[in-house]
Amino acid sequence: MSEHIVSKKVYFAIFIALIILTGVTYWVALLDLGPFNAIVALTIAVFKAMLVVLYFMHVRYSSRLTWVFVGAGFFWLAIMVVLTLSDYSTRDWIK
Amino acid sequence: METTEKILEPRADYINNTYGIKSWLLTKDHKRIALLYLGSITVFFFLGGAFAVLIRLELLTPPGDLMQAETYNRMFTMHGIMMVFFFLIPAIPAVLGNFLIPIMIGAKDLAFPRLNLLSWYIYMVGGLFTFIAIVAGGVDTGWTFYTPYSSNYSTSNVIWTGLGIFITGFSSILTGLNFIVTVHTMRAPGLTWFRLPLFVWSHYATSLIMILGTPVIAVTVLMLALERTMKVGIFDPALGGDPVLFQHLFWFYSHPAVYIMVLPAMGVISELVANMTRKNIFGYKFVAFASLAIAVFGFLVWGHHLFTSSQSVYAGMVFSFLSYAVAIPSAVKVFNWTATLYRGSISYQTPLLYAFGFIGLFTIGGMTGLFLAALGLDVHVHDTYFVVAHFHYIMVGGTIMGYLGGLHYWWPKISGRMYPEGWAKFGALVIFIGFNLTFFPQFLAGYLGMPRRYHAYPEEFQVLNVMSTAGASILGVGYLIPMIYLAWSMRYGPKATRNPWGAFGLEWMTASPPPTENFEETPTVTWEAYEFRPVEETVVVGATGGPGDEPDVSGRV
Amino acid sequence: MADTHTAPHTAHTALAHHFDNMEQQREAGTLGMWAFLVTEIMFFGGLFLAYILYRSSYPAEFAAASKGLDALLGGINTVVLICSSLTMALAVYYAQVGNRKLLVIFLWLTVLLGMTFLGVKAVEYKDKFDHHHVPGANFVWEEEGHAPADQTHAAAEEVNTSKIQMFYWLYFAMTGVHALHMIIGIGVMLVLIYMSYKGRFSPEYHSPVELSGLYWHFVDIVWIFLFPLLYLIGAHE
């Protein structure tokens, strides 16, 4: 598999998207959405991260194995967070 | 095609092709790096063993008469740290894995030879920091460093030790990284995944754990150091922190770590059982997948160390259930090894004896793990000698037997010499007897209520403790026996042939010891794993052995 | 197995002896760097776990504490890092097409932006130091609108202060570890600049640039999460 060269146009487009999304994050944070503040901020952050991973880090054009590695990393973090929180969030269930 | 001229021609192998200390300390050859590791881990093993001797001496008598309680705390802590981080975790992967994996897949080296060397140096630096901590008085927190004692109260060298562990963790990470990339990208032509030796599968699974788990202990040690120096409240309830958070973070790594310790040993056992019974492992694919399953499931059970910690009982139930689940792939392996033995052409030599020891003792250790996985029962035996016996059955009865079995089995390949079989069998017997005498009484003592990490205990436990100490002294002698004859054999042992066991695998198709590039020519693999053939069908194809080789009777030559 | 087509000198010497061809070497390098980045995910992950836990336990205090940070500076730094990711990606591009001059220029720009980031961070840290918001013995938190604790409110303030402090140790730990990674990244960039200057890279061989790029982007991604999580918690209040 020869190396895929991502074009400069794509890089600039992603860059603009990232800047815009940063602005949106900042602007939305100024509004009071209650619990949704965190959710929106994180959703945008995840989307930005995906853009960086897929295009700047070339994962979009990489082998399936690379995708597995990337996915596994985030999945494992999720395991750690979710199972630990399963303790903290259920401690109060028994009074 | 061999002429008498060849007999006079010295054969260049990885040991003798270059001389001088620089050629060893700056080597990029995975085989030499394996030997560097062999030397270091042996030193750490005996250092950890020395602490064990002191522990068992103290426990000969009920009162705490040999040393103060505070000193005793340092003994069991340093024993645990040395053994876990500096012996058990690196031993099989860094010695046998490093040596064999490239050869088993038909490669010239690992993917990143310089990172491999770096990982040894990192290991040594980490060992140095920990050694400094020992000299400065050691640590008294237990190898588990629980907060708030380790973060707020202990006056011992927690940070030095933590630094040593942090650094050594990178050694583990680099090894795992190297193995994963190597197995993915450097297999010889024709060597598909399901033709790989199970040793490689086990090490691949181990490497997954090394990559995914080790960073968490690193960041945990960092947080502990922060808390100790700045007292900001990370784990301090008075400042809003939770000490149990430390336990979650610590065990998120340290539970999978025990699979780092046992999976490579299981890989060795698969090789020993297949090759010394001249049969393909029963259910090869199941065993391969079981390795992966153990690695993955191993990450889901850490809360079973927190059953009595104030962890939510609902989380406890989830972790308990998952802990039963993780036993299943291990059990699959034990059944499959046993089934392989059935109607096999069994060769009762030392490596297989160690394998038998492993299968029996790992089973006992594993089953007692199920006792511990039961929430209610764990409340009774948590922090007693029952737990101590459980993990020693797996780590010593399991991992160390696997390590010694593998060391003996591949000794001719690594050193080019055969060890003395009589002494080896004797050593294995002494170790087996010593081991059981040391640790079986501990199950009883623990179940009857003797707590762990106490240097004084009620009279009623003395008999069991005396048995355990007696066993430990036998075990200690037992470990010295192979040390001595293996060292002796390096100089005086008979020269080994290319394939003294008639075994199957790429490592047995190259010389003993192998040349630096491992193979004269990269092999192309056209056979399945462990595809033993009856002797009559043996075909000799371009033997690369040296003079004095007997005609091989393996399935492939 | 050996390369039979004529390849530039750099490619031949760049192929390590234990690899069969450049493609294998390149693939191994990429997988190796990704495996390393996975370890970084788990490393930062431990801190993120602590953050999630304590923020969900002390939402009000975390929001109050977060207001002590300058969200504008944080936002500027976010933009700076995104720019540096662009310059890094372009550096890789120019390495791929063999433009040595622009490769060096964009690596320098990446370094410059990285140092800008660190400069802003230094300003922020100094501000925290001046306000006694560095966790530890000298930590002081003044609630807006009251004077520092009087007798009756002392206990409540104490507990409150320690929860605020919880936010700040996380702030310093997470941004500190991140900054350490930035410093290492800048060091790596400088090495790359030296190597590029010496003509070590070509369209056939430039994996150090690519792999370092992966590292750099990863460090950027960590910041993409740190920014909203640390700076924007109580911003709407």
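Residues numbered from 1 in each chain as written. Chains lettered and ligands numbered in written order. Predicted model: local features only at pLDDT ≥ 70, side-chain atom pairs only at ≥ 80, totals over all residues. Heavy atoms only, no water.

Engineer: What is the right way to look at the overall build of chain C in this model?
Structural biologist: When you go through chain C residue by residue, the secondary structure sums to seven helices and zero strands. The buried share of chain C, reckoned over its 237 residues, is 58%. In chain C, 81% of the contacts between residues at least 6 apart in sequence involve partners at least 24 apart. When the accessible surface of chain C is summed, it comes to about 9600 Å², and 64% of that surface belongs to carbon and sulfur atoms. (Helix = DSSP H or I, 4+ residues; strand = E, 2+ residues; numbered from the N terminus. Buried < 20%, exposed > 50% of the residue type's maximum accessible area, 1.4 Å probe, protein only. Contact = heavy atoms within 4.5 Å. Areas by Shrake-Rupley, 256 points an atom, 1.4 Å probe, with all protein chains shown as cover.)

Engineer: Explanation requested: the interface of chain A and chain C in the structure shown.
Structural biologist: How big an interface is tends to be reported as the loss of accessible area on association of its parts. Across the contact, 46 residues belong to chain A and 46 residues belong to chain C. Summing both sides of the interface, chain A and chain C together bury roughly 4100 Å²; the carbon and sulfur share of this comes to 80%. Broken down residue by residue, the surface that chain A buries against chain C is led by Glu3(A), Tyr26(A) and Met57(A), which jointly contribute 15%. Counting the contacts that link chain A with chain C gives zero salt bridges. Of all elements in the fold, only α1 (8-29), α2 (36-56) and α3 (64-90) of chain A reach the threshold of two or more residues within the side of chain A that touches chain C. (Buried area = accessible area lost by both parts, 1.4 Å probe. Salt bridge = Lys/Arg side-chain N within 4 Å of Asp/Glu carboxyl O.)

Engineer: What is the right way to look at the confidence of the model for chain C in this model?
Structural biologist: The predicted coordinates of low-pLDDT regions are not to be read in fine detail. All names here are of chain C. For chain C, the mean per-residue pLDDT works out to 89, and 87% of the residues sit at or above 70. Taken element by element, chain C is modelled with least confidence in helix α1 (residues 9-14), mean pLDDT 58, and with most confidence in helix α7 (residues 207-231), mean pLDDT 97. The ipTM assigned to the predicted complex is 0.93, against a pTM of 0.93. (pLDDT = per-residue confidence, 0-100.)

Engineer: Just to check I follow, could you spell out the interface of chain C and chain B for this structure?
Structural biologist: Contact residues are listed per partner, giving 34 residues for chain C and 35 residues for chain B. Considering only the side of chain C, the residues that lose the most area to chain B are His18(C), Met42(C) and Phe43(C), jointly responsible for 21% of the buried surface there. Our count for the chain C to chain B interface comes out at zero salt bridges. Between the two partners, chain C and chain B, sit six residue pairs in polar contact (both at pLDDT 80 or more). Here the side of chain C that touches chain B takes 18 residues from helix α2 (residues 22-57) of chain C, the largest share from any one element. Broken down by class, the residue content of the side of chain C that touches chain B amounts to 22 nonpolar, ten polar and two charged. (Polar contact = N/O pair within 3.5 Å; in protein donor to acceptor, adjacent residues only side chain to side chain. Nonpolar A, V, L, I, M, F, W, Y, C, P; charged D, E, K, R; others polar.)

Engineer: Help me out: how do you make sense of the packing of α2(C) against α7(C) in this one?
Structural biologist: Packed helix pairs are specified by the crossing angle of their axes together with the interaxial distance, meaning the distance between the axes. Residues and elements named next belong to chain C. Orientation of α2 relative to α7, taken along the N-to-C sense of each, is 15°, at an axis distance of 10 Å. It follows from the interaxial angle that α2 and α7 lie roughly parallel. For α2 against α7, the interelement crossing comes out right-handed. Contacts between α2 and α7 involve Gly29, Thr30, Met33, Trp34, Phe36, Leu37, Glu40, Ile41, Phe44, Phe48, Tyr51 and Arg55 from the first element and Leu211, Leu214, Tyr215, Phe218, Val222, Phe225, Leu226, Leu229 and Leu230 from the second. Its residues assigned to classes, the contact of α2 with α7 comprises 17 nonpolar, two polar and two charged. (Axes fitted to C-alpha atoms, helices over the stretch in contact; angles between N-to-C directions. Parallel < 35°, antiparallel > 145°, perpendicular 65-115°, else oblique. Left-handed = near helix turned anticlockwise from the far one by under 90°.)

Engineer: Got a minute to help me understand unusual backbone geometry in this structure?
Structural biologist: Across the chain, the bulk of peptide bonds are trans and the bulk of non-glycine residues have phi less than zero. Cis peptide bonds are those with omega within 30 degrees of zero, and the linkage from Thr147(B) to Pro148(B) qualifies with 0°. Along the chain, Pro148(B) turns up in the loop between α6 (113-135) and α7 (149-153). Residue Pro513(B) is reached from Ser512(B) by a cis peptide bond, and omega for that bond is -10°. With respect to the secondary-structure elements, Pro513(B) resides in the segment after α17 (462-492). Of note, the phi angle at Arg343(B) is positive, near 60°, even though the residue is not glycine. Relative to the assigned elements, Arg343(B) resides in the loop between α12 (313-341) and α13 (350-373). On the basis of relative accessibility, which here comes to 72%, the residue Arg343(B) falls in the exposed class. Phi angles above zero are rare outside glycine, and His132(C) is one such case at about 60°.

Engineer: What's the story with the pattern of salt bridges in this structure? I'm lost.
Structural biologist: Between side chains of opposite charge, a pair can form when the charged atoms approach closely. Counted according to the given criterion, the structure contains nine salt bridges over all chains. Here Asp242(B) makes a salt bridge to Arg91(A), at a shortest N to O gap of 3.2 Å. With Asp242(B) in the loop between α9 (198-230) and α10 (243-277) and Arg91(A) in the segment after α3, this pair bridges two chains. Between Lys163(C) and Glu61(C) there is a salt bridge, with its nearest N and O atoms 4.0 Å apart. Remark: Glu61(C) occurs in helix α3 (residues 59-66) and Lys163(C) occurs in helix α6 (residues 154-197); sequence separation between them is 102 residues. For the pair shown, Lys163(C) and Glu61(C) are each scored as buried. What emerges from the salt-bridge pattern is a single network uniting Asp87(A), Arg91(A) and Asp242(B).

Engineer: Help me out: how do you make sense of the packing of aromatic side chains in this one?
Structural biologist: A ring pair, where both rings are aromatic, is described by two values, the distance of the centres and the angle of the planes. Counted under the stated rule, the structure contains 72 aromatic pairs over all chains. Ring centres of Phe250(B) and Trp251(B) lie 5.1 Å apart, and the angle between their planes is 90°; on these two criteria the pair is classed as edge-to-face. On the basis of relative accessibility, which here comes to 7%, the residue Trp251(B) falls in the buried class. The interplanar angle of 5° and the centroid separation of 6.3 Å between the aromatic rings of Tyr54(C) and Tyr58(C) together place this pair among those described as stacked. (Phe/Tyr/Trp six-rings, centres within 6.5 Å; stacked < 30°, edge-to-face > 60°.)

Engineer: Which parts of the structure should I look at to understand the nonpolar core?
Structural biologist: One broad trend across soluble globular proteins is that nonpolar side chains are buried collectively. Counting 293 residues, the largest nonpolar core has Met57(A), Phe358(B), Tyr403(B), Trp410(B), Tyr168(C) and Trp169(C) as the members making the most contacts within it. For this core, the element with the highest residue contribution is α10(B), accounting for 22 residues. When neighbours within four sequence positions are excluded, Trp410(B) is seen to be in contact with Leu96(B), Leu100(B), Met104(B), Phe199(B), Val268(B), Glu271(B), Glu507(B) and Trp508(B). (Core = buried A, V, L, I, M, F, W, Y, C linked by side-chain atoms within 4.5 Å.)

Engineer: So what exactly am I meant to see when it comes to the packing of helix α3 (residues 30-58) of chain B against α17(B) here?
Structural biologist: Residues and elements named next belong to chain B. Where α3 contacts α17, the two axes come as close as 10 Å, and the packing angle between them is 160°. In terms of orientation, α3 and α17 fall into the roughly antiparallel class. The way α3 lies across α17 gives a crossing that is left-handed. Of α17, the residues touching α3 (which contributes Thr42, Phe45, Phe46 and Arg56) are Asn465, Ser468, Thr469, Ala472, Tyr479, Leu480 and Met483. Class assignment for the residues of the contact of α3 with α17 results in six nonpolar, four polar and one charged.

Engineer: It is not clear to me how the environment of Thr175(B) should be interpreted in this structure. Could you clarify?
Structural biologist: Residues and elements named next belong to chain B. Considering the arrangement of structural elements, one finds Thr175 in helix α8 (residues 158-185). The buried category is assigned to Thr175, whose relative accessible area is 5%. For the pair Thr175 and Ile281, spaced 106 residues apart in sequence, the C-alpha separation works out to 27 Å. Non-local contacts of Thr175, meaning those with residues more than four positions away in its chain, are made with Tyr37 and Ser119. A polar contact of 3.0 Å, which involves the side chain of Thr175, links it to the backbone oxygen of Ser171.

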